[in-house]
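The chain contents come next:
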Amino acid sequence: MSFVAEVEVRFRDHDSFGHVNNAVYATYCEQARVRFFEEVLGTPLSDPHIVVAHLELDYRAPIEGVGTVEVEIEAGEPGGKSFPIYYTLSYEGETVATGETVQVAMDDEGRPTRVPDQWREAIADQP
Ligand SMILES: CC(C)(COP(=O)(O)OP(=O)(O)OC[C@H]1O[C@@H](n2cnc3c(N)ncnc32)[C@H](O)[C@@H]1OP(=O)(O)O)[C@@H](O)C(=O)NCCC(=O)NCCSC(=O)c1cc(O)c2ccccc2c1O
């Protein structure tokens, strides 16, 4: 089992071609990531001790309606100061995109720092 967040697909997410615009997928990932941070890592959105350093997405099928996208998240093993998160986005049972982000832990002065043990333990225990 993995962490899954359901994200609403809104009418305004679509472009003039009638499918969800590519940039919106990054927002779907972000909405799911925020919930993952809150519910799995115990880190609220207001916590300034993390930044996203890298984002990549592969688009596999268009989303041509409204409803719900399921975003499945799995955090990878932390390195020193960073850890990856992998995403699988599904719409009506079909994989529509996959992606990856890299998060970097930051100290109180805004410098990269070692990923805290609390996050390492939560990642090791993630659903
Ligand atoms: C990201 C930086 C701070 C990196 O600075 P620097 O390169 O000097 O750091 P290090 O050399 O010490 O490396 C530390 C660590 O990071 C890995 N890394 C660095 N760059 C990359 C990269 N491009 N891709 C992959 N990995 C990278 C490096 O390998 C090291 O890992 P180790 O594990 O080996 O130790 C600096 O580049 C920077 O400040 N960049 C700008 C960041 C930024 O502005 N991002 C966008 C805003 S943040 C954001 O959007 C955001 C989104 C959310 O959804 C959030 C949700 C919840 C909370 C916060 C959120 C949030 O802030």
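Residues numbered from 1 in each chain as written. Predicted model: local features only at pLDDT ≥ 70, side-chain atom pairs only at ≥ 80, totals over all residues. Heavy atoms only, no water.

- The name given to the protein chain in an unreviewed UniProt entry is 1,4-dihydroxy-2-naphthoyl-CoA hydrolase, with Haloferax massiliensis as the source organism.
- Under the heading Sequence similarities (unreviewed entry), UniProt records this for the protein chain: "Belongs to the 4-hydroxybenzoyl-CoA thioesterase family." (UniProt positions renumbered as here; feature names shortened; annotations may be inferred.)

### Thoughts on unusual backbone geometry
Point 1. With a phi close to 50 degrees, Glu92 is a non-glycine residue in the positive phi region.
Point 2. Topologically, Glu92 is positioned in the loop between β4 (82-91) and β5 (94-105). (Helix = DSSP H or I, 4+ residues; strand = E, 2+ residues; numbered from the N terminus.)

### A look at the pairing of β4
Point 1. The buried fraction of β4 is high, at 7 of 10 residues.
Point 2. Direction of pairing for strand β3 (residues 67-75) relative to β4: antiparallel, over a ladder of 7 bridges. Paired with Val69 across the strands is Tyr91, a residue of β4.
Point 3. Between β3 and β4, which pair antiparallel in sequence order, lie 6 residues. (Buried < 20%, exposed > 50% of the residue type's maximum accessible area, 1.4 Å probe, protein only. Pairing = 2+ DSSP bridges.)

### Remarks on the sheet that holds strand β2 (residues 50-59)
Point 1. Strand order in the open sheet made by the 5 strands is β1-β3-β4-β5-β2, with antiparallel pairing throughout. One side of each edge strand has no neighbouring strand; the edge strands of this open sheet are β1 (3-9) and β2. For this sheet, the mean angle separating the axes of adjacent strands, direction not counted, is 25 degrees.
Point 2. Alignment of β2 against β5, held across 9 bridges, turns out to be antiparallel. Bridge pairing in β5 links Ile50 to Ala105. (Axes fitted to C-alpha atoms, helices over the stretch in contact; angles between N-to-C directions.)

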